[in-house]
Amino acid sequence: MSNALANRRQLRRHKLSESIQVFDQLRNHPVGKLVDIHQEGLLLIGNELKIDSSHQIKLILPSSVNLKTNFQLGIECLWSQSAESGDDLYWTGCSIIDKSMIASACIQSLINIQS
């Protein structure tokens, strides 16, 4: 990750202990797993996403959060790099560009659970 991106990040990341699957809503296929999240962005590991591409994703929760088992976000890929694991996995940093009040509340609950 470039120093410019690292310096721009203002919110603390919150690593997740539970596995949260991420699906592309429009293409109806898995994108990967959520690694960490905050109210403005997230980190994924999984399929490669093109830099500057936008996606509508659904996060599948392993247990109910705020009475929800999933929620949706609009994201934009800021960077992507190989995880170098030999499994064609990529680390991908994304900004959240669209979220509902419900999604915002679910993100905050995930952060609270992990804190």
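As a starting point, this report considers the structure included with it. (Residues numbered from 1 in each chain as written. Predicted model: local features only at pLDDT ≥ 70, side-chain atom pairs only at ≥ 80, totals over all residues. Heavy atoms only, no water.)

What to know about the overall build of the chain
Phase 1 of the analysis: For the chain, the helix and strand inventory stands at two helices and seven strands.
Phase 2 of the analysis: What you see in the chain, going N to C, is helices and strands ordered as α-β-β-β-β-β-β-β-α.
Phase 3 of the analysis: Burial statistics for the chain: of 115 residues in total, 37% are counted as buried.
Phase 4 of the analysis: Look at the contacts in the chain between residues 6 or more apart in sequence, and 53% of them connect residues 24 or more apart.
Phase 5 of the analysis: A total accessible area of about 6800 Å² is found for the chain, and carbon and sulfur atoms account for 49% of it. (Helix = DSSP H or I, 4+ residues; strand = E, 2+ residues; numbered from the N terminus. Buried < 20%, exposed > 50% of the residue type's maximum accessible area, 1.4 Å probe, protein only. Contact = heavy atoms within 4.5 Å. Areas by Shrake-Rupley, 256 points an atom, 1.4 Å probe, with all protein chains shown as cover.)

What about the environment of Ile111?
Phase 1 of the analysis: The topology assignment puts Ile111 in helix 2 (residues 101–114).
Phase 2 of the analysis: On the basis of relative accessible area, Ile111 is assigned to the buried category, the value being 8%.
Phase 3 of the analysis: Distance from Ile111 to Ile37, taken between C-alpha atoms, is 7.6 Å for residues 74 residues apart in sequence.

Points about the nonpolar core
Phase 1 of the analysis: Ranked by size, the top nonpolar core spans 23 residues in total, and within it Leu34, Leu42, Leu44, Leu59, Phe71, Leu73 and Ile75 carry the most contacts.
Phase 2 of the analysis: With five residues, helix 2 is the single largest residue contributor to this core.
Phase 3 of the analysis: Filtering out sequence-adjacent residues up to four positions away, Leu44 remains in contact with Val22, Val31, Lys33, Leu34, Val35, Leu49, Ile75, Tyr90, Trp91, Thr92 and Cys94. (Core = buried A, V, L, I, M, F, W, Y, C linked by side-chain atoms within 4.5 Å.)

Comments concerning the pattern of salt bridges
Phase 1 of the analysis: For the structure on display, the rule yields one salt bridge.
Phase 2 of the analysis: Salt-bridge contacts for Asp24 lead to Arg27; the nearest nitrogen and oxygen are separated by 2.7 Å.
Phase 3 of the analysis: According to the relative accessible area criterion, Asp24 is buried, its value standing at 3%. (Salt bridge = Lys/Arg side-chain N within 4 Å of Asp/Glu carboxyl O.)

With respect to the side chain of Ser53
Phase 1 of the analysis: Looking at the secondary structure, you find Ser53 in the loop between strand 4 (41–46) and strand 5 (54–65).
Phase 2 of the analysis: Within the local environment of Ser53, its side chain forms a polar contact with the backbone oxygen of Lys50, the two atoms lying 2.5 Å apart. (Polar contact = N/O pair within 3.5 Å; in protein donor to acceptor, adjacent residues only side chain to side chain.)

Things to note about the pairing of strand 4
Along any regular strand the residues' side chains alternate between the sheet's two faces.
Phase 1 of the analysis: Burial runs high along strand 4: five of the six residues are buried.
Phase 2 of the analysis: Of the pairings in the sheet, the one linking strand 3 (residues 29–38) to strand 4 comprises six bridges and is antiparallel in character. Paired with Lys33 across the bridge in strand 4 is Ile45.
Phase 3 of the analysis: Two strands pair when backbone bridges link them, and strand 4 and strand 7 (residues 90–99) are joined in this way by six bridges, in the antiparallel orientation. In the sheet register, Leu42 faces strand 7, and the bridge partner there is Cys94. (Pairing = 2+ DSSP bridges.)

Re unusual backbone geometry
Phase 1 of the analysis: The phi dihedral of Asp52 falls on the positive side, at around 75°, and the residue is not glycine.
Phase 2 of the analysis: Mapping Asp52 onto the fold places it in the loop between strand 4 and strand 5.
Phase 3 of the analysis: With a phi angle near 55°, Asn66 is a residue other than glycine that sits in the positive phi range.
Phase 4 of the analysis: Within the secondary structure, Asn66 is located in the loop between strand 5 and strand 6 (68–82).

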